[in-house]
Amino acid sequence: MPSILLVEDETAIADTVLYALRAEGFAAEHCLTGQAALQAARAAHHDLVILDVGLPDIGGFALCRELRRERDLPVIFLTARDAEADRVLGLELGADDYVVKPFSPRELVARVRALLRRVHAATGHAPASTRSAGAFEHDAEGMRIRYRGHALDLTRYEYGLLAALLARPGAVLSRAQLMDRVWGDALESGDRTVDTHVKTLRAKLRALAPDDDPIHTHRGLGYSLDAAGH
């Protein structure tokens, strides 16, 4: 699972980006300042950095230089400025992409995926698209999920629902959150749609492991997934 370091001092923007990244299966760490980002980059391996230019302590361009001294890390700049000189400077400093605020979180995630593919293609290493979580194996690029070693025969929306739950094991996702992530293009669908698909998913999982019940119902709140399958 690719790990993304987000450096953004506006919490509202950061929350939206983190939500979008995690919903797509990325691991994401957030820092509010440049100093915190330097510490985080030294403490853990990240595959890509999303970097706000206007940080309160260290300018984004200066921080990019510091990060690049440590390792050749892919960088996407976020900025409220659309001046050509800023874009050119950022790219000359080694940034791989440049996104101007306001932006679509989905577009940003698409840019992250595209950049990671380019980096892996250039280095000759294929991205690991399969993520294991307890009893589940999720091949995000192939849109396939295995449970206890068995491939699940899932419809489009069953796959989307299970993938959304797998992206955040143990977290309670409301029906509204699941509707937004899985049925965003189906405006006629209602909350009961989620319940119906949870029911069919449970039946398919129990067919493989009758004693397990990995999808938990939280009355009045939503659903969560126990990746271990219990």
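Residues numbered from 1 in each chain as written. Predicted model: local features only at pLDDT ≥ 70, side-chain atom pairs only at ≥ 80, totals over all residues. Heavy atoms only, no water.

Participant: Explain the side chain of H197 to me, please; I cannot follow it from the model alone.
Facilitator: Position of H197 among the secondary structure elements: in helix α8 (residues 191-208). If sequence neighbours within four positions are ignored, H197 has contacts with T155, Y157, E158, L161 and W183. (Helix = DSSP H or I, 4+ residues; strand = E, 2+ residues; numbered from the N terminus. Contact = heavy atoms within 4.5 Å.)

Participant: Just checking my understanding: could you explain helix α1 (residues 11-23) for this structure?
Facilitator: One turn of the α-helix equals 3.6 residues, which is why residues spaced by three or four share an orientation. Its 13 residues give α1 an end-to-end C-alpha distance of 18 Å, which sits within 8% of 18 Å, the value for a rise of 1.5 Å per residue. Residues I13, A14, V17, L18, A20 and L21 constitute the buried set of α1. Each buried residue of α1 sits inside an arc of 165° when the element is viewed along its axis, so together they form one side. Set apart from the buried face of α1 by more than 90 degrees, the exposed residues are A12 and D15. Of the residues trailing α1, G25 is marked for its positive phi of about 95°. (Expected span 1.5 Å × (residues − 1). Buried < 20%, exposed > 50% of the residue type's maximum accessible area, 1.4 Å probe, protein only. Arc of directions from axis to C-beta.)

Participant: Explanation requested: the sheet that holds strand β4 (residues 75-79) in the structure shown.
Facilitator: The pairing of strands in a sheet comes from backbone hydrogen bonds and takes either a parallel or an antiparallel form. Across the sheet, which stays open at both edges, the five strands sit in the order β2-β1-β3-β4-β5 with parallel pairing between neighbours. Both edges of this open sheet fall to β2 (27-31) and β5 (97-100), since each of them pairs with a single strand only. Strand-to-strand, the axes of this sheet are offset by a mean angle of 20°, without reference to chain direction. Here α1 sits on the sheet and contacts β1 (3-7), β2 and β3 (48-52); the angle it forms with β2, its principal contact strand, is near 165°. (Pairing = 2+ DSSP bridges. Axes fitted to C-alpha atoms, helices over the stretch in contact; angles between N-to-C directions.)

Participant: Would you mind showing me how to read unusual backbone geometry here?
Facilitator: Peptide bonds are, in most cases, trans, and in most cases residues other than glycine have a negative phi. Each neighbour pair has its own omega, and for K101 with P102 the value is -10°, a cis peptide bond. Note that P102 resides in the loop between β5 and α5 (105-123). A positive phi is found at R148, a non-glycine position, where the angle reads about 50°. With respect to the element layout, R148 can be found in the loop between β8 (144-147) and β9 (150-151).

Participant: Which parts of the structure should I look at to understand the pairing of strand β10 (residues 215-218)?
Facilitator: Each regular strand shows side chains that alternate between the opposite faces of the sheet. In this sheet, strand β11 (residues 222-225) lies alongside β10 in antiparallel orientation, the contact comprising four bridges. Bridge pairing links I215 to L225 in β11. Where β10 folds back on β11, the antiparallel hairpin that results is connected by three residues, among which G220 adopts a positive phi of roughly 80°.

Participant: Where do I start with the packing of aromatic side chains in this structure?
Facilitator: Counted by the stated rule, this structure contains three aromatic pairs. Pairing F61 with F77 gives two aromatic rings, centres 5.2 Å apart and planes at 90°, and the pair type is edge-to-face. With F61 in helix α3 (residues 60-70) and F77 in strand β4, this pair connects stretches of sequence that are 16 residues apart. For the pair shown, F61 and F77 are each scored as buried. Ring centres of F136 and Y147 lie 4.7 Å apart, and the angle between their planes is 35°; on these two criteria the pair is classed as tilted. In this pair, F136 sits in strand β7 (residues 136-139) while Y147 sits in strand β8, placing the two residues 11 residues apart along the sequence. For the pair formed by F136 and Y147, the shared burial category is buried. (Phe/Tyr/Trp six-rings, centres within 6.5 Å; stacked < 30°, edge-to-face > 60°.)

Participant: Just checking my understanding: could you explain the pattern of salt bridges for this structure?
Facilitator: A side chain of one charge can pair with a side chain of the opposite charge if their charged atoms are brought near each other. Per the stated rule, a full pass over the model turns up 13 salt bridges. Linking E10 and K101 is a salt bridge whose minimum nitrogen-to-oxygen distance equals 3.4 Å. In this pair, E10 sits in the loop between β1 and α1 while K101 sits in the loop between β5 and α5, placing the two residues 91 residues apart along the sequence. Assessed through its relative accessible area of 40%, E10 is described here as partly exposed. (Salt bridge = Lys/Arg side-chain N within 4 Å of Asp/Glu carboxyl O.)

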